[in-house]
Amino acid sequence: MTSRIQSATPAEQQGEQTAGQTGQLPYPAAEANAGARQNGQAGHASLDELHETARRIAANVERVLVGKPDVIRVALVTLLAEGHLLVEDVPGVGKTSLAKALARSIDCTVSRIQFTPDLLPSDVTGVSIYNRQTGEFEFRPGPVFANIVVGDEINRASPKTQSALLECMEEHQVTVDTSTYELDEPFMVIATQNPIEMEGTYALPEAQRDRFTARVSIGYPDQQAELAMVDEHAGHDPLAELQPVSDGETVHRLIQTVRNVHMAPEVRRYAVDIAAATRQVPEIRLGASPRATLQLVRSARAQAALSGREYVVPDDLHAVAVPVLAHRLVLTTEAHAARRSATDVVRAVLHRVPVPQGQTHR
């Protein structure tokens, strides 16, 4: 299926160290996953195929977003974790370019929604229109009916319009006029937003932020990367020349592989402990939800798979904890006054919660 862009305008230690020192797996994969690296499973891709596909997608996106490999990796983790990505930063640093480059790297249906103050919920989900010839109402699908939905400047629309994404992001379905329509798999929303201090923006509600698996901030490039961008982008637009390097069916198989990545009980308990600890920090008014715990586990599995492992170690949780948890936390007024950020709080939690010790098996 050929990628197509539509516009709708109304108008982010110990286990790996143990493995390296002993030559054994600190959190061994289940027997059902044995041999998956070489042979794969029915309907699943092997880890080698996953790694190669992710490498091609990352190289493709890096042609557009120069010098930001960490941001691109978080985007890939979110994709393989069946999640949604929120890209937040000041204008002009490549938020939309990241979203569109990732979408164009996969040969699947793609739609783009430009969020504006006058955008209506029906402009996102679709609307039922009366057909005078048949005398019946017909449903016209909105741009949300695509494998990858790029939402540009999502916080420029009203909360009423933002809420149109709640059902589809969580349940992968849309309900219009008492009728429910299933969305195709894979399904991913990549939304960009400007900082809430900027003029003409609405803060995303807590329920909306909680549905985004991860949030990344691109930041300004260093001088070398910016110089490379000027040299490469001055004469042509690399985004316009981008060609798909994978397809929706392959991505769906990679997701199935990530689902089977083994997570030992000790590591699962560690993930729960991290989420629970955020609810007990004095600086936090609203901690991580159970949904956040599930997304943390899924993202850690994707991080492990991208690292070429069939099992999750605590370092995988550490790698994804900040992008997965920080945007969900609501700080107290005192924390804001002390200039504490949600990222600082998550890192403090990671230092405080004891890391499980792996058991080696021969």
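Residues numbered from 1 in each chain as written. Predicted model: local features only at pLDDT ≥ 70, side-chain atom pairs only at ≥ 80, totals over all residues. Heavy atoms only, no water.

Colleague: Quick question: what am I supposed to make of the overall build of the chain here?
Modeller: A tally of helices and strands in the chain yields 16 helices and 14 strands. Counting the 362 residues in the chain, one finds 52% classified as buried. (Helix = DSSP H or I, 4+ residues; strand = E, 2+ residues; numbered from the N terminus. Buried < 20%, exposed > 50% of the residue type's maximum accessible area, 1.4 Å probe, protein only.)

Colleague: Sorry, what's going on with helix H11 (residues 248–259) here?
Modeller: Side chains that are three or four residues apart share a direction in an α-helix, a result of its 3.6 residues per turn. In this model H11 runs 17 Å from its N-terminal to its C-terminal C-alpha over twelve residues, within 8% of the 16 Å that 1.5 Å per residue would give. Taken together, the buried positions of H11 are occupied by Gly248, Thr250, Val251, Leu254, Ile255, Gln256, Thr257 and Val258. Close packing links the buried residues of H11 with helix H3 (47–62), helix H4 (69–80), strand E3 (106–107), strand E12 (246–247) and helix H13 (290–306). (Expected span 1.5 Å × (residues − 1). Contact = heavy atoms within 4.5 Å.)

Colleague: What am I meant to see in the confidence of the model for the chain here?
Modeller: Confidence in the prediction of the chain, expressed as mean pLDDT, is 83, and 85% of residues score 70 or more. Taken element by element, the predicted model of the chain shows its lowest mean pLDDT in helix H1 (residues 14–22) (39) and its highest in H13 (96). Across residues 1–42 the pLDDT falls below 50, and counting only partners more than four positions away or on other chains, this stretch makes 118 contacts in the model. (pLDDT = per-residue confidence, 0-100.)

Colleague: How should the nonpolar core be read in this particular structure?
Modeller: As a rule of thumb, nonpolar side chains are buried together in soluble globular proteins. One finds Leu85, Leu296 and Leu325 to be the most contacted residues of the largest nonpolar core, which totals 80 residues. Other than its neighbours up to four places away in sequence, leucine 296 contacts Ala271, Ile274, Leu317, Val320, Ala321, Val324 and Leu325. In this structure, Leu119, Val144, Leu165 and Met169 belong to the second largest nonpolar core, which totals 23 residues. (Core = buried A, V, L, I, M, F, W, Y, C linked by side-chain atoms within 4.5 Å.)

Colleague: When you look at unusual backbone geometry in this model, what are you seeing that I'm missing?
Modeller: What you tend to see is this: most non-glycine residues have negative phi, and most peptide bonds are trans. Cis rather than trans, the peptide bond between glutamate 185 and proline 186 has omega equal to -5°. Counting through the fold element by element, proline 186 comes out in the loop between strand E9 (179–182) and strand E10 (188–193). With a phi angle near 55°, glutamate 153 is a residue other than glycine that sits in the positive phi range. Topologically, glutamate 153 is positioned in the loop between strand E7 (148–152) and helix H7 (159–162).

Colleague: Just to check I follow, could you spell out the environment of valine 216 for this structure?
Modeller: Examined against the element boundaries, valine 216 turns out to sit in strand E11 (residues 214–216). For the pair valine 216 and aspartate 89, spaced 127 residues apart in the sequence, the C-alpha separation amounts to 8.4 Å.

Colleague: How should the pairing of strand E2 (residues 85–88) be read in this particular structure?
Modeller: Side-chain positions along a regular strand alternate between the two faces of the sheet. Alternating positions in E2 separate into two faces, Leu85 and Val87 on one and Leu86 and Glu88 on the other, with burial throughout. In this structure, E2 lies alongside E10, joined through four bridges in parallel fashion. By the bridge assignment for E10, leucine 86 is matched with alanine 191. Pairing of E2 with E11 involves three bridges; the strand directions are parallel. (Pairing = 2+ DSSP bridges.)

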